[in-house]
Amino acid sequence: MNFKDKVIYQAYTKSFNDTDGNGLGDIKGVTEKLPYLEKLGIDMVWLNPFYPSPQNDNGYDIADYTAVDPMYGTMEDVEEMIAEGEKRGIQFMFDLVLNHTSTEHEWFQKALAGDKKYQDYYIIRDPVEGQDFPTNWESKFGGPSWEQFGDTGKFYLSLFDPTQADLDWRNPEVREEAAKIVQFWIDKGVKGFRFDVINLIGKDEELVNATGDIDQEKSLYTDRPIVHDYLRELNQKTFGNHPEVITVGEMSSTSIESSIGYTHPDNDELTMVFSFHHLKVDYPNKEKWSKAPFDFLELKEIMHDWQIGLGENGGWNALFWNNHDQPRTVSRFGDDEKYREKSATGQGHILHFMQGTPYVYMGEEIGMTNPHFTELDQYRDIESHNAYKELIAKGKTPEESLEILAEKSRDNGRTPMQWSAEENGGFTSGTPWLQLADNYKEINVEKELESGEIFPYYQKLIQLRKEHAIMRDGSYASMFLDHEQVWAYRRQLDGEEWITFANFYDTPVSIDISSEVDGDKWNYLLGNYGEKAFSQVLELAPYEAVTFTNK
Ligand code: GLC
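Bear in mind the structure is a predicted one, so any value in this text is a computation, not a measurement. (Residues numbered from 1 in each chain as written. Predicted model: local features only at pLDDT ≥ 70, side-chain atom pairs only at ≥ 80, totals over all residues. Heavy atoms only, no water.)

A. Structural detail: the overall build of the protein chain. Scanning the protein chain from terminus to terminus reveals 18 helices and 20 strands. Per-residue burial over the protein chain gives 61% buried out of 551 residues. Restricting to contacts in the protein chain with at least 6 residues of sequence separation, those with at least 24 account for 70%. Counting only carbon and sulfur atoms, one obtains 46% of the accessible surface of the protein chain, whose full area is about 20700 Å². The protein chain carries 53 positive and 98 negative side-chain charges, and their two centres are separated by 2 Å. (Helix = DSSP H or I, 4+ residues; strand = E, 2+ residues; numbered from the N terminus. Buried < 20%, exposed > 50% of the residue type's maximum accessible area, 1.4 Å probe, protein only. Contact = heavy atoms within 4.5 Å. Areas by Shrake-Rupley, 256 points an atom, 1.4 Å probe, with all protein chains shown as cover. Lys, Arg positive; Asp, Glu negative; His and termini not counted. Charge placed at Lys NZ, Arg CZ, Asp CG, Glu CD.)

B. Fine view of the sheet that holds strand 11 (residues 272–274). Across the sheet, which stays open at both edges, the eight strands sit in the order 11-10-9-3-2-1-13-12 with parallel pairing between neighbours. Edge positions in the sheet fall to strand 11 and strand 12 (318–319), since each has one partner strand and no second. (Pairing = 2+ DSSP bridges.)

C. Just the packing of aromatic side chains, in detail. Applying the stated criterion to the full structure yields 47 aromatic pairs. Ring centres of F149 and Y156 lie 6.5 Å apart, and the angle between their planes is 80 degrees; this geometry places the pair in the edge-to-face category. For Y156, a relative accessible area of 7% gives the class buried. Ring centres of Y476 and Y489 lie 5.7 Å apart, and the angle between their planes is 40 degrees; on these two criteria the pair is classed as tilted. You can see Y476 sitting in strand 14 (residues 475–479) and its partner Y489 sitting in strand 15 (residues 486–493), a full 13 residues away along the chain. Y489 carries the same exposure label as Y476, and that label is buried. The rings of F294, F296, W321, F333, W487, F504 and Y505 are connected pair by pair, giving a single aromatic cluster. Lying across the ring of W433, K14 places its NZ or CZ 4.6 Å from the centre. (Phe/Tyr/Trp six-rings, centres within 6.5 Å; stacked < 30°, edge-to-face > 60°. Lys NZ or Arg CZ within 6 Å of the ring centre and 35° of its normal.)

D. Spotlight on the nonpolar core. The biggest cluster of nonpolar side chains holds 138 residues, and the ones touching the most others in it are Y9, F94, W185 and W487. The contacts of W487, once residues within four sequence positions are left out, are F296, L299, K300, M303, W321, I350, M354, T500, F501, A502 and F504. Among the nonpolar cores identified, the runner-up in size contains 16 residues, and I511, I513, F534 and L538 belong to it. (Core = buried A, V, L, I, M, F, W, Y, C linked by side-chain atoms within 4.5 Å.)

E. Region of the structure containing the pairing of strand 1 (residues 8–11). Of the two faces of strand 1, the one carrying I8 and Q10 and the one carrying Y9 and A11 are both buried. With three bridges joining them, strand 1 and strand 13 (residues 357–361) adopt parallel strand pairing. Looking at strand 13, one finds that Y9 is bridged to V360.

F. Local environment of a negative patch on the surface. On the surface, D295, E298, E301 and D305 cluster together into a patch of negative charge. Looking at where E298 falls in the secondary structure, it is placed in helix 11 (residues 296–311). (Patch = residues over 30% accessible without salt bridge, like charges linked within 9 Å, V, L, I, M, F, W, Y side chains within 5 Å. Salt bridge = Lys/Arg side-chain N within 4 Å of Asp/Glu carboxyl O.)

G. Up close: the site of the ligand. Neighbouring the ligand are 14 residues; D57, D196, E250, H324 and D325 lie closest to it. With respect to the ligand, the side chain of H100 contributes an N or O atom lying 2.9 Å from an oxygen atom. Between E250 and the ligand, the recorded distance is 2.8 Å, taken from a side-chain N or O atom to an oxygen atom. Here the ligand, which alone exposes 310 Å², has 95% of that area covered by the protein. In terms of residue class, the shell around the ligand is built from four nonpolar, three polar and seven charged. Shared between two domains, the shell around the ligand takes at least three residues from each, and those domains are domain 1 (3–100 + 172–462) and domain 2 (106–166). (Near = heavy atom within 4 Å. Polar contact = N/O pair within 3.5 Å; in protein donor to acceptor, adjacent residues only side chain to side chain. Nonpolar A, V, L, I, M, F, W, Y, C, P; charged D, E, K, R; others polar. Domains from an automatic or database assignment.)

H. Representation of the domain arrangement of the protein chain within the structure. Its domain assignment divides the protein chain into domain 1 (3–100 + 172–462), domain 2 (106–166) and domain 3 (475–549). Just the C-alpha atoms count here: the centres of domain 2 and domain 3 sit 53 Å apart.

I. Quick look at empty space enclosed by the protein. Under the definition given, this model contains five cavities of 30 Å³ or more. One number sums up the size of the largest cavity: a volume of about 100 Å³. In terms of lining residues, the largest cavity is bounded by S275, H278, I302, M303, W306, Q307, N317, A318, L319, F320, L351 and M354. Of all the secondary-structure elements, those providing two or more residues to the lining of the largest cavity are helix 11 and strand 12. Among the elements that take part in the lining of the largest cavity, helix 11 stands out by supplying four residues, more than any other. Class assignment for the residues of the lining of the largest cavity results in eight nonpolar, four polar and no charged. Taken as a whole, the second largest cavity encloses approximately 80 Å³ of empty space. (1 Å grid on protein atoms, 1.4 Å probe; cavity = no way out; pocket = protein on both sides within 12 Å on 5 of 7 lines; lining within 4 Å. Points joined across faces, edges and corners; volume = space filled by probe spheres on them.)

J. Representation of the packing of helix 9 (residues 226–237) against helix 10 (residues 256–263) within the structure. Where helix 9 contacts helix 10, the two axes come as close as 10 Å, and the packing angle between them is 20 degrees. Overall, the two elements helix 9 and helix 10 adopt an arrangement that is roughly parallel. Judged by the twist between their axes, the crossing of helix 9 over helix 10 is right-handed. When helix 9 is examined against helix 10, the residues V227, H228 and L231 are found in contact with a partner set consisting of S258, G261 and Y262. When the residues that make up the contact of helix 9 with helix 10 are grouped by side-chain class, the tally is three nonpolar, three polar and no charged. (Axes fitted to C-alpha atoms, helices over the stretch in contact; angles between N-to-C directions. Parallel < 35°, antiparallel > 145°, perpendicular 65-115°, else oblique. Left-handed = near helix turned anticlockwise from the far one by under 90°.)

K. View of the packing of helix 14 (residues 382–393) against helix 15 (residues 398–408). With their axes 9 Å apart at the nearest point, helix 14 and helix 15 run at an angle of 145 degrees to one another. Crossing hand, helix 14 versus helix 15: right-handed. In this structure, helix 14 contributes S384, Y388, L391 and I392 to the contact, and helix 15 contributes P398, S401, L402, I404 and L405.

Take a look at the structure:
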């Protein structure tokens with residue numbers, strides 16, 4: 001299996017391309033844009049959940065794992081999309097949320113109706129004497145993580161929204177159901193899976209109160225050792241029999257050590273993991289819902305630790321800056337006005353030259369920005385609305401709270417794809433489910449393909465991976481880790497060496513690299529300011545990124 005030359009594109013289904021005018025992206029919309037994706041050069045498209053769902057958490061609350069929500073299309077549409085993709089060398093990665101189901105799922109409904117078999121699918125407990133709930137755990141979306149289970153006096157665990165009920169993976173029947181779902185999609189020709197918050201599936205039989213801080217609390221249900229057993233079982237029953245299938249586990253608050261375990265090929269678990277520590281460098285004291293500058297040294301150090309940690313121990317990283325749960329990094333760590341192009345290409349450069357599998361999130365390849373919303377009713381996301389209420393309850397003014405949302409809300413990354421300068425960015429002929437960023441007249445695919453510099457740069461980054469083994473298999477080592485403005489590292493393979501330098505800020509910088517880089521026989525490979533002569537004293541323009549090779 002060679003998955004290492006692949007680049008994966010994430011299309012947030014709901015916001016990608018609407019072909020029927022209902023204001024939501026759809027499956028046909030993905031098929032329609034396959035030529036565009038082929039042009040970009042990506043190999044696989046990860047689609048966010050399009051299964052029937054009440055949409056309380058935008059489809060991460062699944063009511064039926066093996067069907068298509070009519071608002072997104074039909075099973076025939078999915079089959080057509082897969083077949084059309086195949087013609088263009090594009091495969092699909094589907095998103096499975098197996099930690100929890102929607103409370104509208106048939107299993108939960110049967111459980112509520114008293115069916116013991118299905119009650120055993122969920123984590124249902126009596127309250128503990130002296131406290132309101134079975135444990136004192138907090139939901140990740142705010143409030144307690146337990147909800148009343150009908151009128152039984154018992155509670156069911158829901159680590160996210162109350163309408164997302166956690167499954168009990170200790171029950172072998174649940175594991176069998178999960179395997180059936182995965183196999184169903186493999187049989188449809190799906191070649192990849194993204195498993196949502198999959199390191200949370202290993203809850204203990206006996207659940208206990210948290211006694212320390214939030215990290216101690218999370219450790220009670222995160223990365224429990226049994227997760228490895230469940231993943232291996234799923235692997236062996238399903239995708240392990242199809243070596244071409246690629247899997248990525250979305251890992252909530254995981255560790256390097258656990259992730260080596262999840263991704264080491266000898267363990268037969270997953271191909272790679274998404275971890276999120278690098279996207280918490282603007283959470284002062286772990287507080288996401290605050291406005292704060294990012295810590296550049298911490299960002300570099302975290303990426304470095306994961307590069308080394310997984311790279312030197314047989315694990316494998318998924319590399320990403322953006323996804324549907326994150327504000328856009330061009331706005332977050334770059335400059336989305338004056339240096340939008342250079343910060344977008346610079347960030348892409350830094351990521352793609354590292355070791356791991358790069359993911360490009362819809363719109364990243366044209367430098368889409370946060371929408372800079374100013375009103376609460378522009379937001380759709382449940383987590384953002386809950387956070388707003390909590391901020392107000394804590395004494396923040398509406399203005400302050402909205403400013404925080406404008407920086408941290410997940411809706412920043414979810415605004416519809418900007419295809420053209422037409423109304424609604426060419427995304428829909430109807431009313432978009434979420435307002436577009438109003439810069440779509442200047443920032444859109446049509447214009448980018450005509451005269452932009454970001455899309456062609458991403459094309460090059462993707463193409464280089466196909467041509468150079470060092471980009472896939474080369475070892476990684478950092479340089480100047482404590483430099484406050486420059487990101488630098490090297491890759492090596494069989495005598496070949498690539499060195500990358502990037503200015504992460506909007507002021508020029510000069511760096512003497514002679515302590516790390518010998519000689520001057522270095523040739524320019526790629527840079528976002530074009531051809532550049534090598535020098536022991538490198539001058540880097542705002543957001544400039546450049547790689548030199550010794551070949
Ligand atoms: C993952 C998804 C996110 C969802 C959560 C609960 O983090 O990416 O969108 O809200 O899981 O399923």
